[in-house]
Amino acid sequence: MVALSTDVPRSGKSARSVFETVFRSMVSVLERSLTQNGRPRRATAQGIASLCIGGMVVARALVDPALADELRDACMSVALDLGGWPKQSKSKNGKSKAAVAP
């Protein structure tokens, strides 16, 4: 989704249809896993999917790797918050891991 999002709009209808099908599937998976938080599930899932894809597109275009990392972390934090999912924490090796609830 990330790699193709800038090329697909210039492609033919069949490529756009396939991209749309994958996006709809992504939204459906997110929608099913959302916690009930008073927001419409579908709209929230669409927003999270778009945030994830768009955040990666922008991060890949940045020159400063620290800024790109900061942007990815910000998008992840907002997406997790919107979804009502546990926050991620970093392990000693710098990789993300799910935060354990107290």
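Residues numbered from 1 in each chain as written. Predicted model: local features only at pLDDT ≥ 70, side-chain atom pairs only at ≥ 80, totals over all residues. Heavy atoms only, no water.

Moving on to the pattern of salt bridges. On inspection of all chains with the given rule, the structure shows four salt bridges. The partner of Arg10 in a salt bridge is Asp7, with the nearest N and O atoms 2.8 Å apart. Using a relative accessible area of 66% as the deciding quantity, one classes Arg10 as exposed. In this structure, Arg24 and Glu20 form a salt bridge, with 3.0 Å as the shortest nitrogen-oxygen distance. Of this pair, Arg24 and Glu20 both sit in helix H1 (residues 13-33), separated by four residues, roughly a single helical turn. (Salt bridge = Lys/Arg side-chain N within 4 Å of Asp/Glu carboxyl O. Buried < 20%, exposed > 50% of the residue type's maximum accessible area, 1.4 Å probe, protein only. Helix = DSSP H or I, 4+ residues; strand = E, 2+ residues; numbered from the N terminus.)

In this structure, the largest pocket encloses a volume near 180 Å³. As for the largest pocket, its lining consists of Ile48, Cys52, Gly55, Met56, Arg72, Cys75, Met76, Ala79, Leu80 and Trp85. Mapped by element, the contributors of at least two residues to the lining of the largest pocket are helix H2 (41-61) and helix H3 (65-83). Ranked by residues supplied to the lining of the largest pocket, first place goes to H3 with five residues. The class makeup of the residues in the lining of the largest pocket is eight nonpolar, one polar and one charged. (1 Å grid on protein atoms, 1.4 Å probe; cavity = no way out; pocket = protein on both sides within 12 Å on 5 of 7 lines; lining within 4 Å. Points joined across faces, edges and corners; volume = space filled by probe spheres on them. Nonpolar A, V, L, I, M, F, W, Y, C, P; charged D, E, K, R; others polar.)

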